[in-house]
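Analysis of the macromolecular model
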Amino acid sequence: MTERAHAEGHADEGAGAWSGSWVAERLGVGLTGDEALTGLLGLALRRNPKRAHLLVSNVLGKHVPQSPSVVHGHGVALGRRVRDLLGAEAAERAVVLGYAETATGLGHSVADGLGSAPYLHSTRRPVATVARAGGFEESHSHATSHLLLPEDPALLAGDGPLVLVDDEFSTGNTVLNTVRALHERYPRKRYVVVALVDMRSPADAGRLDDFAREIGARVDLVTTASGTVQLPPGVLEKGQELVARHETPATDPTTEPTTDPTTGPTGRVPAAEPSATVRRVELRWPHDVPDGGRHGFTPAHRARLEAALPAMAARIAEALPTGARRVLVLGFEELMYAPLRLAHALEQTVGGDIAVRYSTTTRSPVLAVDDPGYAIRTRLVFPAHDDPADGPGERYAYNVAGAGFDAVVAVVDSVADTPALHAPDGLPARLAAHVPHVLLAVVPSYVPGSPHAPERPSMLPEPLRGPDFSSYAPDEVGWLLQDLSDVTLEAPTEEREEAIQSGGAHYAESLPVEYQPSEQYQQLFHAALETSAARLARAVGAVTEIVLAERSPRPVLVSLARAGTPVGVLMRRWARFRHGLDLPHYAVSIVRGRGIDANALRWLADHHDPADVVFVDGWTGKGAITRELAAALRAFEDSDGITGFDPEIAVLADPGSCVRTYGTRDDFLIPSACLNSTVSGLISRTVVRADLVGPHDFHGAKFYRELAGADLSPAFLDAVSARFPEVTEAVDTQAKDLLSADRAPTWEGWAAVERISEEYGIHDVNLVKPGVGETTRVMLRRVPWKVLARAGAGADLDHVRLLAEQRGVPVEEVADLPYTCVGLIHPQYTRGATGADGKAVTL
């Protein structure tokens, strides 16, 4: 048998051997009851001083990898039986409570079967911002304390039926402890206990009825199968002796102990060097859906998750290695439901091409024995990585090594995405030593906000629109900005330059005096527009087609104000022209060193799915804004817990090779770079200043209404969009070529900027502005030192040469320049600037 065939046979072995026979033969443990029982359960031995044996479910998805449709289906079927038992009216008022860690996913699946029931599960992870609504003990468990931490304190306070879900119903102690604790605080008339198996002994069988009479409530029991475990005298001591014999202590808990030839091999997997790479897959988990039921999960959450699952599954499927035939989605302790549903959706996405299985890691220490008659064949050991409240310790993944998986998708929540997870002995490294491909997917941990946290306004203002703000039509763009038109923000260019370079002020705290173009310069603008309109139209069409093909069929365009705004308007026009789509379009502020406007992101997340948002800019230079956006979105995820925003910017032109979504990588004249507000809807560059922009405000900008007579914004847009019909075929060809090309960023521009900065003795990459667009900005807004022009550059530089002549700036031709031109800001400055506090900067 080949290694793969052996492994796959190992994984699905059991049709001819009951996975409890090994324990039954050695300890004399018997399992009697329904015919289905041995198909549902196997037996193993645990390292636990309170109970020797472990009932290992084959359909729970905890210790034994199983088809996710089977795992979810068992829970849903139980939920439907509960709904039939209660009747429609009572089922509408029911609340489902699951048990950590083993039954969190089962309980959630039961709630799915009920349909309209909110769900909560107990947890062993305390959360400082959430008050306890109760707690109880699980007497036989290795970790006993359970907390109930609903975000909504009223969740458990209703009088509808409470449905309690556990994987097995053995002594009944856990359920009785729970009901007793809750009934004292929130008495109700009906409880339903749900379990996969009812394994009570005859002595325990009557306790539930007695307890129901004691509290004066009805208690029903719904299970898939029932039976009993027959335990001979001294089984605990015999089990402990058997565990000790098979598991020789070792300093490194992942090394394989010495095998006893008389008792067979252990299944403890030896430590090994990782042989596979670990890659992340971005789920874009919906920001308004909790990761599970730790703090409550409502029917509305369920509907939003159902809508998002196909897209998340498609992202996982796309990330799987070519030729994969067997894939495991591995959840994490209490995080069972999210990975289960992802696995189920993946199973539906890939169809019969790939066998998808699901299981999770666990705290429970269980002996592993590589024998077909034993339920736990192999064990991977790794350290806890979520900073648990009860301190560090070992964690386990069972039946993963040796199971023939081509890939494992490990799903953890963000609280557990820690350095310990990525350590050399962490879970991904352990998996990579035994599986060819490991993917890591992180679900954002939902933590209800602290009641003591500063309150945010219940509603941010609606976007500003023309003609009240900007000269664009109201449907073309909504500005997520505040209007600072009445505030004097302009300062002389030299004074601003001094303040910026000395550190006395940030460039976003003031505005340059708006440049008024000469008649000669305006003629250059119109000539450039006439020459480049068709070229611009092709780039607009190409980048829009790529966005529609790769990002979202109905994207939400979010331009980075203000250079991105004309491009966003044109992309919106192309989508309407070519596909009949009416796409939402907004403009937001992003500032180097200050990040993106977090309130604008909050507004977007409240009104749209962040996964549909596509950030748009005009062009790339050295990629500073690309990096700024990625860092800002990571910080926003950490601060707000809202995920799904994709940092990949779509640009018209990418001469710096900084992004993979672009219309062209040529460095040519984009006429909207030639002017300031008069080609951008009469809107200024954005402003962020502490005395004007508070914690609950959008960033600010000015609307230069007084420049209406010089406004060329509509003319620019109309000139480009008028060319759409004539470039349609060329766009189709260009987009097809780009979609099939390797568009991975090379960051060639950044390398060139670093080299130029050193060669010219500037020693500051922020003073080197590559590309036609950035060079134009230097000439209009900053104090230019010189312009480097590629030898032989033609009409694309006519406007730059004119501006340089007007400002007395030398233009130096350079061979082998990767850009058409590069603008260098003067590395010195003059005194007299206005600082952030409104006072003169002291140097």
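The numbers attached to residues start from 1 for each chain and follow its sequence in the written order. It should be noted that, the model being predicted, local features are given only for residues of pLDDT at least 70 and side-chain atom pairs only at 80 or more, the latter also being counted only at that level, while totals for whole chains, interfaces and linings use all residues. Remark: hydrogens and water are excluded; side-chain values derive from all non-hydrogen atoms of the structure.

Attention shifts here to the overall build of the chain. Within the chain, the regular secondary structure consists of 22 helices and 32 strands. Taking all 843 residues of the chain together, 59% fall into the buried category. Here, two residues are considered to be in contact whenever any of their heavy atoms come within 4.5 Å of each other. Counting contacts in the chain only where the partners sit at least 6 residues apart, residues at least 24 apart contribute 77% of the total. Per-residue and other accessible areas follow the Shrake-Rupley method at a 1.4 Å probe size, with only the shown protein chains counted as cover for residues. Entry remark: accessible area of the chain is about 32600 Å², with carbon and sulfur atoms responsible for 51%. What counts as a helix is a DSSP run of H or I of at least four residues, what counts as a strand is a run of E of at least two, and both are numbered from the N terminus. Each residue gets one of three labels from its accessible area relative to the maximum for its type: buried under 20%, exposed over 50%, partly exposed in between, using a 1.4 Å probe on protein chains only.

Take the sheet that holds strand 5 (residues 119-121) next. Pairs of strands are assigned from DSSP output, requiring at least two bridges between the strands. Spatially, 6 strands are ordered 1-10-9-8-4-5 in an open sheet, and the strand pairing comes out mixed. Two strands close off the open sheet at either side, each with one partner strand: strand 1 (30-33) and strand 5. In this sheet, neighbouring strand axes are inclined to one another by 30 degrees on average, regardless of whether the strands run parallel or antiparallel. Alignment of strand 9 (residues 190-198) against strand 10 (residues 218-230), held across 8 bridges, turns out to be parallel. The partner of Y191 across the bridge, within strand 10, is V219. Helix 4 (residues 68-86) contacts strand 8 (162-169), strand 9 and strand 10 of the sheet and is inclined by roughly 135 degrees relative to strand 10. The axes are straight lines fitted to the C-alpha atoms, using for helices just the contacting stretch, and the angles between their N-to-C directions are given from 0 to 180°. Here helix 6 (residues 104-114) sits on the sheet in contact with strand 4 (95-98), strand 5, strand 8 and strand 9, set at roughly 135 degrees to strand 8.

Time to look at the packing of helix 16 (residues 598-607) against helix 17 (residues 624-640). With their axes 11 Å apart at the nearest point, helix 16 and helix 17 run at an angle of 70 degrees to one another. In this view, helix 16 runs roughly perpendicular relative to helix 17, as classed from their interaxial angle. Crossing handedness for the pair helix 16 and helix 17: right-handed. Residue-level contacts link A598, L601 and R602 of helix 16 to L633, F636 and D640 of helix 17. In this classification, Asp, Glu, Lys and Arg are treated as charged, Ala, Val, Leu, Ile, Met, Phe, Trp, Tyr, Cys and Pro as nonpolar, and every other residue, Gly included, as polar. Residues that form the contact of helix 16 with helix 17 fall into these classes: 4 nonpolar, no polar and 2 charged. Note on angle classes: values under 35 degrees are labelled roughly parallel, values over 145 roughly antiparallel, values of 65 to 115 roughly perpendicular, and the remainder oblique. In this scheme the handedness of a crossing depends on how the near helix is turned from the far one: anticlockwise by less than a right angle means left-handed, clockwise means right-handed.

This part takes up the pattern of salt bridges. Definition used for salt bridges: Asp or Glu carboxyl oxygen within 4 Å of a side-chain nitrogen of Lys or Arg. Summed over the entire model, instances satisfying the criterion amount to 39 salt bridges. For E25, the salt bridge identified is with R26, shortest N-O distance 3.8 Å. Residue E25 is classed as exposed on the basis of its relative accessible area, which comes to 62%. R395 is paired through a salt bridge with E333; the nearest N and O atoms lie 2.9 Å apart. With R395 in strand 15 (residues 394-398) and E333 in the loop between strand 12 (326-332) and helix 11 (337-350), this residue pair connects regions lying 62 residues apart in the sequence. Of the two residues, R395 and E333, neither departs from the other in class, the shared state being buried. Within this structure, D112, R302, E306 and R341 form a network of salt bridges that share partners.

Turning to the side chain of R377, a few remarks are in order. Topologically, R377 is positioned in the loop between strand 13 (355-361) and strand 14 (379-383). What makes R377 buried here is its relative accessible area of 10%. For this analysis, a polar contact is any N or O atom pair within 3.5 Å, provided that within protein one partner can donate a hydrogen and the other can accept it, and provided that sequence-adjacent residues contribute only side-chain to side-chain pairs. At 2.8 Å, the side chain of R377 forms a polar contact with the side chain of D370.

Geometry only, nothing functional implied.
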